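The residues making up each chain are set out below.
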Amino acid sequence: MDKKALEKIKEVKIKVKVPKETYKIRPLQIIPLMDVKDMEIGTAEMDSRKTPYVKAKGEIKIEEMFMRLPMASEIIKFESETKKMEKKRVE
């Protein structure tokens, strides 16, 4: 990408107005790996255009993040094989 284009992108400033009034809704599990506890919706303005606004509060599930990695099953398999080998050495 052209260096000048990158410099122009850095200078972009989007004017965002967060909505003054939001509405609490039932927490939706729309954010991957996050246990959403509280959610609010509203209409924000970005460069004078109206756009949906969602504010979510919750906890990120670190364990699930690791379990969804493609190599997680390989790590578990490696650990179990290593434990088996250690048991055989001890015996």
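For the structure given in this document, a descriptive report is provided here.

Thresholds, definitions, all that
Residues numbered from 1 in each chain as written. Predicted model: local features only at pLDDT ≥ 70, side-chain atom pairs only at ≥ 80, totals over all residues. Heavy atoms only, no water. Helix = DSSP H or I, 4+ residues; strand = E, 2+ residues; numbered from the N terminus. Patch = residues over 30% accessible without salt bridge, like charges linked within 9 Å, V, L, I, M, F, W, Y side chains within 5 Å. Areas by Shrake-Rupley, 256 points an atom, 1.4 Å probe, with all protein chains shown as cover. Salt bridge = Lys/Arg side-chain N within 4 Å of Asp/Glu carboxyl O. Buried < 20%, exposed > 50% of the residue type's maximum accessible area, 1.4 Å probe, protein only.

For Asp-47, which is not glycine, the phi dihedral falls at a positive 50°. Looking at the secondary structure, you find Asp-47 in the loop between strand E3 (34-46) and strand E4 (49-60).

Where nonpolar side chains cluster on the molecular surface, the patch consists of Tyr-23, Leu-28, Ile-30, Ile-31, Ile-41 and Val-54 and spans about 500 Å² of accessible area. If you trace the backbone, Ile-31 turns up in the loop between strand E2 (23-25) and E3.

Turning next to the pattern of salt bridges. Across all of its chains, the model carries 2 salt bridges by this definition. A salt bridge links Asp-38 to Lys-24; its shortest N-O distance comes to 3.7 Å. Taken as a pair, Asp-38 in strand E3 and Lys-24 in strand E2 lie far apart in primary sequence, 14 residues in all. For Lys-24, a relative accessible area of 61% gives the class exposed. Of the charged contacts, one joins Asp-35 and Lys-37 as a salt bridge, the two residues approaching to 2.9 Å between their closest N and O atoms. The partly exposed category is assigned to Asp-35, whose relative accessible area is 22%.

Bear in mind that shape data such as this cannot, by itself, settle questions of function.
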